[in-house]
Amino acid sequence: MEKQRIKNRIIQFWATPEMDAAVRKIAQAEGRSTSSVCREMVEKGLVAAGYRNGSQDVSKMVREAVKEEMKPYVERLATISAKGTQISAAAFFLAAYQAEQATPEYARDEFREIAAQARKLGIEFLKLSRDSSLDNFISQALGRMFEGA
């Protein structure tokens, strides 16, 4: 069986002087013909517009561009999150201090022990991997707390 010969077609179009100069500059810099540069640019344009295969390349470029554009916002959110953790810790210690002051003198040692246990559990929680279940952690922590009671 004979292979069918693919015959390339000539496409003529008008180019602005700026476009012509840019194509010629690329061709000269890369040691190619202006025709090959034009073919490549048309092919890339067809892929970018989604008319030809290769759209993964475009989607990859879009993902990278979005990731780069979002980077300062993600960093800002991380900073805000870290600040929120500091504020939460300060609120915990302030609440613990107020509760200790309201606790009768005879129960303060027990209160301090409970606060230290809560602090220790909080630190353990922060060390958890993302895969860990909060529900499992709380169940295990409560189990340990009630074993000691």
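Below is a short write-up of the structure. Remember, it's a predicted structure, so these values are computed and weren't measured experimentally.

Parameters at a glance
- Residues numbered from 1 in each chain as written.
- Predicted model: local features only at pLDDT ≥ 70, side-chain atom pairs only at ≥ 80, totals over all residues.
- Heavy atoms only, no water.
- Helix = DSSP H or I, 4+ residues; strand = E, 2+ residues; numbered from the N terminus.
- Buried < 20%, exposed > 50% of the residue type's maximum accessible area, 1.4 Å probe, protein only.
- Contact = heavy atoms within 4.5 Å.
- Salt bridge = Lys/Arg side-chain N within 4 Å of Asp/Glu carboxyl O.

In this section: the overall build of the protein. Helix and strand content of the protein: five helices and zero strands. Written out in order from the N terminus, the α and β elements of the protein read α-α-α-α-α. The burial tally for the protein puts 11% of its 149 residues in the buried class. In the protein, of all internal contacts separated by at least 6 residues, the share reaching a separation of at least 24 is 13%.

Among the secondary structure elements, Glu100 is positioned in helix α3 (residues 55–102). Excluding residues within four positions of it along the chain, Glu100 makes contact with Arg108, Phe111 and Arg112.

On to the pattern of salt bridges. Tallying each qualifying case throughout the model produces seven salt bridges. As a salt-bridge pair, Lys44 and Glu40 come within 2.9 Å of each other at their nearest N and O atoms. Highlighted residues: Lys44 and Glu40, both in helix α2 (residues 34–48), separated by four residues, approximately one helical turn. You can call Glu40 partly exposed: its relative accessible area is 27%. Close ionic contact of Arg112 with Glu100 constitutes a salt bridge, the shortest N to O distance being 2.4 Å. Placement of the pair is Arg112 in helix α4 (residues 108–126) and Glu100 in helix α3, with a sequence separation of 12 residues. Taking the relative accessible area as the measure of exposure, Arg112 reaches 43% and is therefore partly exposed. Under the relative-accessibility criterion, Glu100 is labelled buried at 14%. Taken together, the salt bridges that share partners define one network made up of Glu30, Arg32, Glu40 and Lys44.

Purely geometric stuff here, so don't read any function into it on its own.
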